[in-house]
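# What the coordinates show
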Amino acid sequence: AGLADAVAALEADADYQALALDEAAAAAFASDAERLVRRYFQLEDPTRIRPIGIELMMETEVGGVTLRGIIDRLELDTEGRLVVTDYKTGKAPHPHMEQRRLGGVQFYSFLCEQLFGQRPARIQLLYLSDPVAIVHTPSEQSSVSTGRAALSFPSGPAASMATSWPLAPFPTNRFPPVQTTEVTV
């Protein structure tokens, strides 16, 4: 019943309506959503989560560079420490590729440290398709290297692309193109 209510509410949403899904595509969309929600419940018990931010836009300036990102979920663990969670709907990476996939949440961890003066105790990627959780404890070294990487981006070869490469046209894209003084993840 809960999913049926959610689908009904979604059908009234202007962004969903703009997708102009035919009956078969709408049914596939709802079926995929149900599968992902069921797998989410295999990964964690939502009654044990203490979220303090969902789709949380974070922005700070470091060394003259504006850094920003949208964290899927920021929460507190049982000891009151920060936890950054990023949801993924695709397949989990092979174990030897996991570290490469942590870049985004490492960046969010760096943002938390800059804004709140506290490095998250844990960062995690929740892959709903498999379901698999990749959990990592950020270190001083990972924070420093993430900060260096973020601050070097605007002055690197990608800087000219960042100002001239338009963001893909997508109905949910609400942010302006990246400027040479901004890094958006």
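Residues numbered from 1 in each chain as written. Predicted model: local features only at pLDDT ≥ 70, side-chain atom pairs only at ≥ 80, totals over all residues. Heavy atoms only, no water.

A few words now on the packing of helix 5 (residues 103-116) against helix 6 (residues 140-152). The N-to-C vectors of helix 5 and helix 6 enclose an angle of 95 degrees; their axes lie 9 Å apart at closest approach. Considering the angle they form, helix 5 stands roughly perpendicular to helix 6. Along its contact with helix 5, which presents Gln106, Phe107, Phe110 and Glu113, the element helix 6 presents Ser142, Ser143, Thr146, Gly147 and Ala150. Among the residues making up the contact of helix 5 with helix 6, the classes are represented as three nonpolar, five polar and one charged. (Axes fitted to C-alpha atoms, helices over the stretch in contact; angles between N-to-C directions. Helix = DSSP H or I, 4+ residues; strand = E, 2+ residues; numbered from the N terminus. Parallel < 35°, antiparallel > 145°, perpendicular 65-115°, else oblique. Contact = heavy atoms within 4.5 Å. Nonpolar A, V, L, I, M, F, W, Y, C, P; charged D, E, K, R; others polar.)

This next bit is on the pattern of salt bridges. Inspection of the entire model under this criterion finds 10 salt bridges. Between glutamate 140 and arginine 119 there is a salt bridge; the shortest N-O distance is 2.6 Å. Note that glutamate 140 is positioned in helix 6 and arginine 119 in the loop between helix 5 and strand 4 (122-127), a separation of 21 residues in sequence. Relative accessible area serves as the criterion here: at 49%, glutamate 140 is assigned to the partly exposed category. When its relative accessible area of 25% is taken as the criterion, arginine 119 is described as partly exposed. Salt bridges here are not isolated pairs; linked through shared partners, they connect Glu44, Arg73 and Glu75. (Salt bridge = Lys/Arg side-chain N within 4 Å of Asp/Glu carboxyl O. Buried < 20%, exposed > 50% of the residue type's maximum accessible area, 1.4 Å probe, protein only.)

A few words now on the side chain of aspartate 72. Structurally, aspartate 72 is set in strand 2 (residues 65-76). Buried and unpaired, aspartate 72 has no salt bridge, with lysine 88 as the nearest side chain of opposite charge at 6.1 Å. From its side chain, aspartate 72 meets the backbone nitrogen of tyrosine 87 in a polar contact 2.8 Å long. Contacts of aspartate 72, omitting those with residues within four sequence positions, involve Gly53, Ile54, Glu55, Thr85, Asp86 and Tyr87. (Lys, Arg positive; Asp, Glu negative; His and termini not counted. Polar contact = N/O pair within 3.5 Å; in protein donor to acceptor, adjacent residues only side chain to side chain.)

We now examine the nonpolar core. Counting residues in each nonpolar core, the largest one holds 20 residues, and the members touching the most others are Leu67, Ile71, Val84, Val105, Tyr108 and Cys112. Elements supplying a minimum of two residues to this core: strand 1 (50-62), strand 2, strand 3 (82-88), helix 5 and strand 4. Looking at this core element by element, the count peaks at six residues for helix 5. (Core = buried A, V, L, I, M, F, W, Y, C linked by side-chain atoms within 4.5 Å.)

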